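# Examination of the molecular architecture
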Amino acid sequence: MGLQKFEERLERLVDGTFSKALRGDVQPVEIGRRLTREMDLERRVGVHGLLAPNAFYVELSPEDFERFEGFLDALVRELAEAAREHARVEDYVFVGPVTVEITVDPGLRRGRVTVSSEVKEGPGGLSAAALVLADGTRVPVGSEPVTIGRLPESTVVVADPNASRRHAEVRRTGDVVVVVDLGSTNGTRVNGIPVKEQVLADGDEVTVGTTSLRFETS
């Protein structure tokens, strides 16, 4: 499922110049397959379930890297999202945020790609947790609270007249992440249900005013 979505998003990203650049031996979806296969091969049993690697290192030949260079950032984002989606499907857990690095290996021939990985803890040893905005932006939930509201100094600034200036806060204690309503006018909802304080689970939808954010631990 994750790779199917990955292919669909790439089809939207890749057109015109990019489609010509992709006519070669290495295809983005093949890199995605290698990455998810790496997760399956390197998974192991952890304290909270099946632990999968979350830091991935992709090496390309100089020729293939040059073909991908024009949309490298987009490819990195899509590969990371494919890893997160694969983790959700397979019930894998991460100990830190997903990262993907794509570099050149001068010793590789055109058409060859290598993918390696490691389990890498997040800053301060915190497990992966993030709020995903409507545009796909990911806001990590670390040791400091994530504030949500209309105030410019909020971590997540929402241009929503139905949201309060200081609307809600997402806090964590170890691996437990909680959303707390800060006495907002219109309240905070989790999966459509009004809450004052609620422990968040992977995939929960947090709504402030009419603005929704998705909470992810993968």
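Before going into details, it helps to say that this report is about the structure given with it. (Residues numbered from 1 in each chain as written. Predicted model: local features only at pLDDT ≥ 70, side-chain atom pairs only at ≥ 80, totals over all residues. Heavy atoms only, no water.)

With that out of the way, let us pick up unusual backbone geometry. Glycine aside, residues mostly have negative phi angles, and peptide bonds mostly take the trans form. One non-glycine residue, Asp91, adopts positive backbone phi at about 60 degrees. Structurally, Asp91 can be placed in the loop between helix 5 (72-90) and strand 4 (92-93). Assessed through its relative accessible area of 60%, Asp91 is described here as exposed. The residue Asn191 is not glycine, and still its phi comes out positive at about 55 degrees. Residue position: Asn191 is located in the loop between strand 13 (188-190) and strand 14 (193-195). (Helix = DSSP H or I, 4+ residues; strand = E, 2+ residues; numbered from the N terminus. Buried < 20%, exposed > 50% of the residue type's maximum accessible area, 1.4 Å probe, protein only.)

Our focus in this paragraph is the sheet that holds strand 6 (residues 113-118). Read from one edge of the open sheet, three strands run 5-3-6, paired in mixed fashion. Looking along the sheet, the strands with just one partner apiece sit at the ends: strand 5 (99-104) and strand 6. Taken pair by pair, the neighbouring strands of this sheet meet at an average axis angle of 20 degrees, ignoring direction. Here six bridges tie strand 3 (residues 55-60) to strand 5, and the two strands are oriented parallel to one another. (Pairing = 2+ DSSP bridges. Axes fitted to C-alpha atoms, helices over the stretch in contact; angles between N-to-C directions.)

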